[in-house]
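Listed here are the chains, written in short residue letters.
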Amino acid sequence: MSTTLASRYASSPTEVKHMDTAQLRQAFLMEKLFEADHIYWTHTHYDRYLFGGAMPVKGPVTLETIDLQKASYFLERRELGMINVGGDGIVEADGVKYELAFKEALYIGKGSKDIVFRSKDAQNPAKFYLNSTPAHHTYPTRKVSKKEGEVVTLGTLETSNHRTINKLLVNSVLETCQLQMGMTELQPGSVWNTMPAHTHDRRMEVYFYFEIPEGQSVCHFMGQPQETRHIWMQNEQAVISPPWSVHSGAGTSNYTFIWGMAGENLDYGDMDHCKITDLR
């Protein structure tokens, strides 16, 4: 078992205006999150957010501390959230086992020392999409299924954005320090997410796109509302969204994405909306 860490520095709106395609992708995109018996992490200096993936195949995968933390164990000063986007899996936190099926979530609070990931079937391994943020308080570890989350349906087929929002690890469902995670599923025939777009200076966000059919892609939009840029993304890739940036996307098919947030405000509705006709 091994761990790979990549770092992404914070970029200002002025800097992003002058980036070409390769520079945008290098600054904001994580192209690979899953590899057998490996953990991939990306650390962004926006709110010291960590996101990545663990895929146990041959055996268990253990969550190890990384050098930048200067901590004796991974969750010494952090909290951890995850959603399983693969086959059935098991997460063991300090000796307590939690079974996670496809699209089920788990929150692990600050102070948990021993975290182990397992797959029930090596031929159909679990894929744990991971998000972690600094934490100042310990809240209870808890599994959240889609049925236990807060579910909201928005949009219409006529505007190509009929979607189901599953609020899983959010403050209306359970207590966290600052981490918030959920999952949005677009219905067949719909391709737009988070439209009308918005920004929120009080928190940053990461989007993870999956269930993109083979041969299809998603175009993710970012940047200030009057100075937008785009990044073409493939299945099981993630992208960083700074607090000052819109975060929206359109696919060549319907798809699903996981959103994770961190910052000073836990209010899901804390958004500065942008009119569609004002985007440039």
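Residues numbered from 1 in each chain as written. Predicted model: local features only at pLDDT ≥ 70, side-chain atom pairs only at ≥ 80, totals over all residues. Heavy atoms only, no water.

Details of the UniProt feature "binding site: Zn(2+)" (unreviewed entry) in the chain
Summarizing the sequence annotation, UniProt attributes the feature "binding site: Zn(2+)" (unreviewed entry) to His198, His200, Glu205 and His247 in the numbering used throughout. The greatest C-alpha distance among the residues just named is 11.7 Å, despite their covering 50 residues of sequence, which places them together in space. Along the chain, His200 turns up in the loop between β17 (198–199) and β18 (203–210). Here Glu205 takes part through its side chain, which lies 3.0 Å from a polar atom of the side chain of His200. (UniProt positions renumbered as here; feature names shortened; annotations may be inferred. Helix = DSSP H or I, 4+ residues; strand = E, 2+ residues; numbered from the N terminus. Polar contact = N/O pair within 3.5 Å; in protein donor to acceptor, adjacent residues only side chain to side chain.)

Overview of the sheet that holds strand β9 (residues 105–108)
The strand order β1-β3-β4-β11-β6-β9-β12 describes an open sheet built from seven strands, whose pairing is mixed. Two strands close off the open sheet at either side, each with one partner strand: β1 (2–8) and β12 (142–144). Across the sheet, the mean angle from the axis of one strand to that of its neighbour is 20°, orientation sign disregarded. (Pairing = 2+ DSSP bridges. Axes fitted to C-alpha atoms, helices over the stretch in contact; angles between N-to-C directions.)

Quick look at the pairing of strand β4 (residues 49–54)
Burial analysis of β4 places six of its six residues in the buried class, the great majority of the element. The alternating pattern of β4 places Tyr49, Phe51 and Gly53 and Leu50, Gly52 and Ala54 on opposite faces, both of which are buried. Bridge count for strand β3 (residues 38–44) against β4 is six bridges, and the pairing is antiparallel. Looking at β4, one finds that Thr42 is bridged to Phe51. Between β3 and β4, which pair antiparallel in sequence order, lie four residues; one of them, Asp47, sits at a positive phi of approximately 55°. Taken together, the five bridges between β4 and strand β11 (residues 128–134) define a ladder with antiparallel strand orientation. Counted as the bridge partner of Phe51 is Asn131 from β11. (Buried < 20%, exposed > 50% of the residue type's maximum accessible area, 1.4 Å probe, protein only.)

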